[in-house]
Amino acid sequence: MNSQSSCAEVELKGGLEEIALPTYKFFPGWSILGIAALAQFLSAPGQSFSVAVFKDPMRMSLGLSETQYSLAYGFATIVSACLLPFIGRMLDHWGARIILPIVATGLAISCFFMSQIHTLGSLYLGFSLVRSLGQGALTLISVWMVGEWFEKKRGRATALAGFGSAFSVMTVPFINSWLISEYGWKTGWIFHAVTVAVCLILPGIFIVRNRPEDLGLHPDGIDPAQEPEPEPEEKSKRPLITATIESWTVRQVLRDPTFWKLLSVITTHALVGTGLVFHQIALLGSHGVPENWAIRMMAFQAVCATLLMFPAGWLTDRFPSRYILCFSMLCMALANLIVLTMPAIWMVVVYTFLLGITGSIFRSTATVVWINYYGRMNQGAVRGVAWSMMILASALGPLPVAMSIDYFGSYNPVLYLFMALPLMAALAVWSAHPPTLFKDEEADAEPEAAS
């Protein structure tokens, strides 16, 4: 009797536990994706396209030269790059639910601080804060959340979140320009402070959850146990997605040759892409392209990158990332060849379109490749290391172009260099096979160490 009653109690408890499990008609990951896109949009206070509009009004108000203002911004960029690995580690440890409200609060306070700047020293501090928290931390948090909540749809989800960044590029400079012209640059920074505080702090506290497992769910909202096992041939054609339990540590990643091959792509894109865009008016002008056309091509490049972002994400979910990254480097090399030779003025459209392709791949494939190759557990730290090197490369990008014209009187030498670098990166990433050998060797070494 007692045994029967105890069995009944166990069955009842099990039934109650099953009933207590939450059910969701709507996968919460899509809400997280919306907040990730919003975070990318609101990273604008620390992005170059937003800060550029404040440059002349702030510089004249503070009585600074172009060099003083640019050095302060360059210093802040280096600070942001150096802090990213530490921010990534904190993100992996505490999760976006805690870090996002903290970073949003810090960015809002930093924007308000920017409105109160009166000296060059405070400008250095203000730029360091908004660059580190906006351009660095907030963007990293956004892609971290997408990486945790999506797996098989990770490429498309990352592309969708990237629309927040693209829409920010298209709208925020105009908003800044209107605010500054109507109310002054100090009001512009206060507007950003209020917007970030209102739109990000409360959603970060009440909506964001770190991982789907926290709610008893799985990435993409799909239970792997209910999915049929793919055929070996089909599985071999799919892009690599490292299981969570096989996640790599940062130390392991830094010792893996594949990491450096992948890194060659994003640093080359950052260095070459920034150098070309920064000097685009002069570069294209040397071939007779009018200044207004060169400026329009910048907008055309942004539109191309935005429109092609989702197709690039779709391809990322279906084909190995190394092939897509290799293709992007070939496109960049071809773009440099066109601007080097410029057989006809209309070829500037092809040149811009090719750069748009590389931009779309950079925002999709190059963003998810780190978590796909090295797992979810330390994705913030791994991305932090990779992105810090990318930011440093982008800071150096304009320098070789300037040196080429100063020392050689021509852009040709740097264009030859900019054509060679993507070709070498394409060759390197083509051989960036799934990084399993190193982990196997480490696993074999552990028993030896124990004996």
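Placed above this text is the structure.
Presented here is a report on the structure given in the accompanying data block.

Conventions adopted
- Residues numbered from 1 in each chain as written.
- Predicted model: local features only at pLDDT ≥ 70, side-chain atom pairs only at ≥ 80, totals over all residues.
- Heavy atoms only, no water.
- Helix = DSSP H or I, 4+ residues; strand = E, 2+ residues; numbered from the N terminus.
- Buried < 20%, exposed > 50% of the residue type's maximum accessible area, 1.4 Å probe, protein only.
- Contact = heavy atoms within 4.5 Å.
- Areas by Shrake-Rupley, 256 points an atom, 1.4 Å probe, with all protein chains shown as cover.
- Salt bridge = Lys/Arg side-chain N within 4 Å of Asp/Glu carboxyl O.
- Expected span 1.5 Å × (residues − 1).
- Axes fitted to C-alpha atoms, helices over the stretch in contact; angles between N-to-C directions.
- Parallel < 35°, antiparallel > 145°, perpendicular 65-115°, else oblique.
- Nonpolar A, V, L, I, M, F, W, Y, C, P; charged D, E, K, R; others polar.
- Phe/Tyr/Trp six-rings, centres within 6.5 Å; stacked < 30°, edge-to-face > 60°.
- Bend = angle between axes of the 7 residues up to and from the residue.
- Core = buried A, V, L, I, M, F, W, Y, C linked by side-chain atoms within 4.5 Å.

Counting its secondary structure elements, the protein chain contains 21 helices and 0 strands. With 451 residues in all, the protein chain has 50% of them scored as buried. Put simply, of all contacts in the protein chain between residues at least 6 apart along the chain, 85% involve residues at least 24 apart. Counting only carbon and sulfur atoms, one obtains 68% of the accessible surface of the protein chain, whose full area is about 21400 Å².

Our focus in this paragraph is the pattern of salt bridges. Evaluated as defined, the whole model comprises 7 salt bridges. Measuring nitrogen to oxygen at the nearest pair gives 3.8 Å for the salt bridge that ties Glu 66 to Arg 59. What emerges from the salt-bridge pattern is a single network uniting Lys 55, Asp 56, Arg 59 and Glu 66.

The subject of this paragraph is helix 2 (residues 29-41). The terminal C-alpha atoms of helix 2, which comprises 13 residues, lie 18 Å apart, in line with the 18 Å expected from a rise of 1.5 Å per residue. Buried within helix 2 we find Gly 29, Ile 32, Leu 33, Ile 35, Ala 36, Ala 37, Ala 39, Gln 40 and Phe 41. The inward-facing, buried residues of helix 2 abut helix 5 (96-114), helix 6 (120-149), helix 7 (154-183) and helix 8 (185-206).

The subject of this paragraph is the packing of helix 4 (residues 66-94) against helix 18 (residues 379-396). At a minimum axis separation of 7 Å, helix 4 and helix 18 run at an interaxial angle of 170°. If you check the angle between helix 4 and helix 18, you find them roughly antiparallel. Of helix 18, the residues touching helix 4 (which contributes Thr 77, Ile 78, Ser 80, Ala 81, Leu 84, Pro 85, Gly 88, Arg 89 and Asp 92) are Gln 379, Gly 380, Ala 381, Gly 384, Val 385, Trp 387, Ser 388, Ile 391, Leu 392 and Ala 395. Looking at the contact of helix 4 with helix 18, its residues break down into 10 nonpolar, 7 polar and 2 charged.

This part is about the packing of aromatic side chains. Applying the stated criterion across every chain yields a total of 14 aromatic pairs. Taken together through their ring pairs, the aromatic side chains of Phe 27, Trp 30, Trp 149 and Phe 150 make up a single cluster.

Most pronounced at Lys 55, the bend in helix 3 (residues 48-62) amounts to some 45°, and the proline Pro 57 follows within four residues. Within helix 3, burial applies to Ser 50, Val 51, Phe 54, Met 58, Arg 59 and Leu 62. Packing partners of the buried residues in helix 3 comprise helix 4, helix 5, helix 6, helix 7 and helix 8. Immediately beyond the C-terminal end of helix 3, within one or two residues, lies Gly 63, with a positive phi of roughly 70°.

On to the nonpolar core. By size, the foremost hydrophobic cluster in this structure holds 119 residues, and its most contacted members are Phe 127, Met 145 and Trp 370. The residues contacting Trp 370, other than those within four sequence positions of it, are Phe 259, Leu 262, Leu 263, Ile 266, Gly 375, Val 382, Arg 383, Ala 386 and Trp 387.

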